[in-house]
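Residues per chain, in single letters:
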Amino acid sequence: MKVAIVHYWLVSMRGGEKVLEALLELFPQADIYTHVYDPARISDAIKRHRIYTTYINKLPFAKKLYQKYMPLMPHALKELDLQQYDLVISSESGPAKGIVPNPDAFHICYCHSPMRYIWDMYHEYFSGAGWFTRFFMKKLVPQLRVWDITSANMVDHFVTNSHYVARRIARYYNRQADVIYPPADIARYTALERQPSDFYLFFGQITGYKRADIAIDACIKLKKKLILIGDGDVKKMRKKYRAYPNITFAGRVSDDEAARCLSQAKALLFPGIEDFGIVPIEATSAGCPVIAYKKGGALDTIQEGVTGIFFEEQTADSLAEAIERFETLPTHTFADRQAFTRHVQQFSKEAFQERIKNVIDARKRL
C-alpha cells in the first residue's frame with residue numbers, strides 16, 4: 001500500500017508534528033507533502049522521509065511568512081499529483097485536506113482543528129490585525145470558507161483529537177469525526193517522583209487565548225504562589241505584575257525543568273480553551289492535579305475528582321473559588337498515583353497508533 005501524508009506546514013515541532021511522527025512509525029515508507037518545509041526546525045524522524053513541497057515553499061520569506069500565503073494554499077494543493085497512492089492521510093490545521101486523491105484511494109483527514117482564523121476565532125484575529133491584513137481578510141476569508149467546506153467532500157473519513165473539535169467539524173462541514181487522542185510522551189512523566197510543593201503552575205505560551213491573566217489574578221486574590229512557564233508576552237507581563245512577589249515568570253525552560261515543576265506543583269492551572277491541550281496530559285502523567293476551565297479539550301483529558309477539578313466560568317473569581325475548593329479536599333483525594341497513570345494510558349502513542357490502524361482495517365473490510 002503506497003501512503004502519502006499531507007501536512008499543512010513543517011516549520012516547527014509542536015503537537016501536529018508529533019502526530020506526524022507517530023503516523024510515520026506506522027507507515028515507514030510514506031511520502032510527505034507540505035506547503036513549507038524548514039529542515040533546520042524539524043526532527044530527524046521526519047527528515048528521513050521523502051518530503052515534497054508546494055510552490056508556496058519557493059515564495060519570498062515563506063519559512064517565516066507562510067501564514068500570509070494561506071489564500072494561495074488551496075490552489076497549491078490542487079497541483080499535487082497523488083494518483084499513485086492507495087492511502088492519503090491529510091493532517092489539517094492549515095489547508096491540507098483539499099488534495100485530489102485517486103478515486104480508489106482512502107483519504108483520512110486527521111483534523112487538529114478547522115481553521116480557526118476563518119471560523120470561530122475570525123473576529124479575534126480580525127480585531128488584532130493591522131489595517132492592511134484586515135482589508136485582505138474581508139476579501140479572502142469568505143472564499144476560504146467556501147473552499148474549506150467544499151474540500152471536506154474530498155475526505156472519506158474524518159478523525160480528530162477531541163469531542164470539542166468533533167462538534168466543530170459537524171457544525172462547519174456537516175461530517176461526523178471519530179475521536180482519536182493524539183500521542184503524548186507519557187512515559188517521560190510517569191517515571192517522575194511526585195513531590196508536591198507550595199506553588200501553583202501555569203504552563204504554556206503567555207498569549208491572549210491561553211488566559212494566563214485569569215490564573216495570575218486568581219492567585220493574587222488568594223495570595224497564592226504562582227509560577228508561569230512559557231514564552232510569549234513575558235516581558236510585558238513581568239512589568240504589569242512586578243508589584244506581586246508571589247507571581248514568578250520563569251519564561252522558557254528546559255524540558256527537565258518543566259518536568260520538575262510539574263512533579264512539584266500543587267496543581268496545574270488551565271484557564272484557557274484548547275482544542276485538545278497536551279499540557280494537562282503531561283501534568284496528569286506526573287501525578288499533578290489540574291484545575292481547568294470546563295470547556296474544550298479539557299473535558300476529554302481531565303477526569304473530575306480523579307485527576308483534577310473544573311471551574312465553570314472563565315473568570316479569575318471562578319478559578320479562585322475552584323482553588324479554594326481544591327485546598328479543602330481531603331489530602332488523599334489526588335494521592336492515588338496509579339489512578340493518574342491508568343487515566344493517561346489512553347493518550348499514549350501506542351493507543352493512538354492502534355486506533356488509526358483500526359480505522360484503516362475497517363475500511364479494508366468494506
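Because the structure is a prediction, the values reported are computed rather than measured.

Asks: Help me out: how do you make sense of the environment of Lys-63 in this one?
Replies: Take Lys-63: it is sitting in helix α3 (residues 62–65). Remark: the alpha-carbon pair of Lys-63 and Ile-227, spanning 164 residues in sequence, is separated by 33 Å. Look past the residues within four positions of Lys-63 in its chain and what remains in contact with it is Val-11, Val-36, Tyr-37, Asp-38, Pro-39 and Asn-57.

Asks: Sorry if this is basic, but what is going on with a nonpolar patch on the surface here?
Replies: A cluster of nonpolar residues, Trp-131, Phe-132, Phe-135 and Phe-136, forms a patch on the protein surface that exposes about 500 Å² of accessible area. Within the element layout of this structure, Phe-132 appears in helix α6 (residues 131–151).

Asks: Explanation requested: the sheet that holds strand β5 (residues 106–111) in the structure shown.
Replies: Backbone-to-backbone hydrogen bonds pair the strands of a sheet. The strands run either parallel or antiparallel. If you trace the seven strands from one edge of the open sheet to the other, you get β3-β2-β1-β4-β5-β6-β7, paired in parallel fashion. With one partner strand each, in any of the chains shown, β3 (51–53) and β7 (177–179) form the two edges of the open sheet. Neighbour to neighbour, the strand axes of the sheet diverge by 25 degrees on average, direction disregarded. Pairing analysis gives three bridges linking strand β2 (residues 31–34) to β3, with the strands arranged parallel. Among the inter-strand pairings, Tyr-33 is bridged to a residue of β3, identified as Tyr-52. Here helix α7 (residues 163–173) sits on the sheet in contact with β4 (87–92), β5, β6 (157–160) and β7, set at roughly 145 degrees to β6.

Asks: Whenever I open this one, the packing of helix α1 (residues 15–26) against helix α16 (residues 349–364) confuses me. Can you help?
Replies: Helix packing geometry: the angle between the two helix axes and the distance between the axes. Packing of α1 against α16 brings their axes to within 10 Å, and their N-to-C directions diverge by 60 degrees. Between α1 and α16, the interaxial angle falls into the category oblique. As α1 runs across α16, the sense of the crossing is right-handed. Along the contact surface, α1 presents Val-19, Ala-22, Leu-23, Glu-25 and Leu-26, while α16 presents Lys-349, Phe-352, Gln-353, Ile-356 and Lys-357.

Asks: Would you mind showing me how to read the pairing of β4 here?
Replies: Each regular strand displays side chains that alternate between the two surfaces of the sheet. In terms of burial, β4 is largely enclosed, as six of its six residues are buried. Burial along β4 is two-sided: Leu-87, Ile-89 and Ser-91 and Val-88, Ser-90 and Glu-92, pointing in opposite directions, are all buried. Relative to β4, strand β1 (residues 3–7) runs parallel, the two being bridged by five bridges. Each bridged residue has a counterpart across the sheet, and for Ile-5 the counterpart in β4 is Ile-89. Alignment of β4 against β5, held across six bridges, turns out to be parallel. In the sheet register, Ile-89 faces β5, and the bridge partner there is Ile-108.

Asks: How should I be thinking about the nonpolar core in this particular structure?
Replies: For soluble globular proteins, the rule of thumb is that nonpolar side chains tend to be buried together. The biggest cluster of nonpolar side chains holds 75 residues, and the ones touching the most others in it are Leu-226 and Ile-291. Of the residues forming this core, the biggest block, eight residues, is contributed by helix α9 (residues 212–222). Those residues in contact with Leu-226 that sit more than four places away from it in its chain are Tyr-200, Leu-201, Phe-202, Ala-215, Ile-216, Cys-219, Asn-246, Ile-247, Thr-248 and Leu-269. Core analysis: the next-biggest nonpolar cluster, separate from the first, contains 26 residues, Leu-20, Ala-30, Ile-356 and Val-359 among them.

Asks: Hey, could you run me through the packing of α9 against helix α14 (residues 316–328) in this one?
Replies: As a packed pair, α9 and α14 sit with axes 8 Å apart at the nearest point and diverge in direction by 60 degrees. Comparing their axes, α14 and α9 come out oblique. Of the two elements, α9 crosses α14, and the hand of that crossing is right-handed. Residues Ile-214, Ala-215, Asp-217, Ala-218, Cys-219, Lys-221 and Leu-222 of α9 pack against Ala-316, Asp-317, Leu-319, Ala-320, Ile-323 and Glu-324 of α14. Class assignment of the residues belonging to the contact of α9 with α14 gives a composition of nine nonpolar, no polar and four charged.

Cut-offs and rules
- Residues numbered from 1 in each chain as written.
- Predicted model: local features only at pLDDT ≥ 70, side-chain atom pairs only at ≥ 80, totals over all residues.
- Heavy atoms only, no water.
- Helix = DSSP H or I, 4+ residues; strand = E, 2+ residues; numbered from the N terminus.
- Contact = heavy atoms within 4.5 Å.
- Patch = residues over 30% accessible without salt bridge, like charges linked within 9 Å, V, L, I, M, F, W, Y side chains within 5 Å.
- Areas by Shrake-Rupley, 256 points an atom, 1.4 Å probe, with all protein chains shown as cover.
- Salt bridge = Lys/Arg side-chain N within 4 Å of Asp/Glu carboxyl O.
- Pairing = 2+ DSSP bridges.
- Axes fitted to C-alpha atoms, helices over the stretch in contact; angles between N-to-C directions.
- Parallel < 35°, antiparallel > 145°, perpendicular 65-115°, else oblique.
- Left-handed = near helix turned anticlockwise from the far one by under 90°.
- Buried < 20%, exposed > 50% of the residue type's maximum accessible area, 1.4 Å probe, protein only.
- Core = buried A, V, L, I, M, F, W, Y, C linked by side-chain atoms within 4.5 Å.
- Nonpolar A, V, L, I, M, F, W, Y, C, P; charged D, E, K, R; others polar.

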